[in-house]
Amino acid sequence: DSGVTQTPKHLITATGQRVTLRCSPRSGDLSVYWYQQSLDQGLQFLIQYYNGEERAKGNILERFSAQQFPDLHSELNLSSLELGDSALYFCASSITGTPGTDTQYFGPGTRLTVL
Amino acid sequence: GENVEQHPSTLSVQEGDSAVIKCTYSDSASNYFPWYKQELGKRPQLIIDIRSNVGEKKDQRIAVTLNKTAKHFSLHITETQPEDSAVYFCAASKMSFGNEKLTFGTGTRLTIIP
């Protein structure tokens, strides 16, 4: 157990819908990262927050948005869902948010299925 | 941006033999290279990492080597055991404030044959 929690574990929804994935970082970690893992794309970095502020952005679609709240938990919002959005979504957290300074610990993931 | 290529995509090794997974990166400014292990249905877990100021790092049966000139790094697992079966991902990043994202390779599915 890494100490990072994600809810829900599984999510099944229909195309065109909107969902929210939630992540709670390890106690003391200020940075949260979101990744998408699909069969043909591997692990893709979406976005990073540090202490409530966006720090780095990857290939995140405009239909996707995220935020980090004052209590440091984060939410990833996915809207106008398409079949291709079906994937495993991981959240990770670290203390400083600078790769190489500390380790990113991954949560158990949320499996999203869009029908 | 950074591009990381990983080979092979699948690897089968007899138990007790060694396994080697190789990655190349494109951005010469990258200076941090972690390796993650992901067992089926589970989260990726960091198993070893290396920074560009060293050429090799070892932790028991696992070692990583880095060749900055050639821009490639490798994971070596010796005396493989069945529990080493998993997907392994390499990644690369700069250790700097700002655009500090990890770019992952596409993964290697390692199978240890008993």
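Please read all numbers here as calculations on a predicted model, not as lab measurements.

**Observations regarding the sheet that holds strand E8 (residues 74–78) of chain A**
Residue and element names in this part refer to chain A. One open sheet holds the 4 strands; their spatial order is E1-E3-E8-E7, and the pairing between them is antiparallel. Strands with a single pairing partner mark the edges of an open sheet, and in this sheet they are strand E1 (5–7) and strand E7 (64–68). Adjacent strand axes in the sheet meet at a mean angle of 15° when their direction is disregarded.

**Some words on the sheet that holds strand E8 (residues 72–77) of chain B**
Residues and elements named next belong to chain B. Strand order in the open sheet formed by 5 strands is E1-E3-E8-E7-E6, and the pairing between neighbours is antiparallel. Whereas interior strands pair on both sides, the edge strands pair on one side only; in this sheet they are strand E1 (4–7) and strand E6 (56–59). Strand-to-strand twist across the sheet, computed as the mean angle between neighbouring axes with direction ignored, equals 15°. Bridge count for strand E3 (residues 19–25) against E8 is 6 bridges, and the pairing is antiparallel. Across the sheet, residue Ile21 finds its bridge partner in E8, namely Leu75.

**Some details on the packing of aromatic side chains**
Ring pairs (aromatic) are described by centroid distance and by the angle formed between their planes. This structure, assessed with the given rule, holds 12 aromatic pairs over all chains. Note on A:Phe90 and A:Phe106: the rings are 6.0 Å apart at their centroids and 80° apart in plane angle, and the pair reads as edge-to-face. Of this pair, A:Phe90 sits in strand E9 (residues 87–94) while A:Phe106 sits in strand E10 (residues 105–106), placing them 16 residues apart in sequence. Of the two residues examined, A:Phe90 and A:Phe106, each falls in the buried class. A centroid spacing of 5.8 Å and a plane angle of 55° characterise the contact between B:Tyr36 and B:Phe104, whose relative ring orientation is tilted. Remark: B:Phe104 occurs in strand E10 (residues 103–104) and B:Tyr36 occurs in strand E4 (residues 32–38); sequence separation between them is 68 residues. Judged by relative accessible area, which is 1%, B:Tyr36 ranks as buried. Assessed through its relative accessible area of 8%, B:Phe104 is described here as buried. The rings of A:Tyr35, A:Phe45, A:Phe90, A:Phe106, B:Tyr36, B:Phe89 and B:Phe104 are connected pair by pair, giving a single aromatic cluster. Over the face of the ring belonging to A:Tyr50 we find A:Arg55, whose NZ or CZ atom lies 4.2 Å from the ring centre.

**Some points on the state of the cysteines**
All names here are of chain A. Counted under the stated rule, the structure contains 2 disulfides over all chains. Note on cysteine connectivity: Cys23 is disulfide-linked to Cys91, with sulfurs 1.7 Å apart. On the sign convention where negative is left-handed, the bridge of Cys23 and Cys91, at about -45° about the S-S bond, is left-handed. On the criterion of sequence distance, the pair formed by Cys23 in strand E3 (residues 19–24) and Cys91 in strand E9 is long-range, its members being 68 residues apart. On the basis of relative accessible area, Cys23 is assigned to the buried category, the value being 0%.

The rules behind each value
- As a convention, each chain's residues are numbered from 1 in the sequence order in which they are written.
- The lettering of chains begins at A and the numbering of ligands begins at 1, in the order of writing.
- A pLDDT threshold of at least 70 governs which residues receive local features in this predicted model, and a stricter bar of 80 or more applies before side-chain atom pairs are shown or counted, although totals over entire chains, interfaces and linings include all residues.
- Excluding hydrogens and water, the side-chain values take into account all heavy atoms of the structure.
- Pairing between strands is defined by DSSP: at least two bridges between the two strands are required.
- Only DSSP runs of H or I reaching four residues or more are called helices, and only runs of E reaching two or more are called strands; each is numbered from the N terminus.
- Note on geometry: axes are lines fitted to C-alpha atoms, helical ones only across the stretch in contact, with angles between N-to-C directions running from 0 to 180 degrees.
- Only rings of Phe, Tyr and Trp enter the pairing, Trp through its six-membered ring, and a pair is recorded when the two centres are within 6.5 Å. The plane angle decides the type: under 30 degrees is stacked, over 60 is edge-to-face, the rest tilted.
- To sort residues, take the accessible area from a 1.4 Å probe on protein chains only and compare it with the maximum for the residue type: under 20% means buried, over 50% means exposed, and anything in between is partly exposed.
- The rule is short: NZ of Lys or CZ of Arg within 6 Å of the ring centre and within 35 degrees of the ring normal puts a charge over the ring.
- Note on terminology: disulfide denotes any pair of cysteine sulfur atoms within 2.5 Å.

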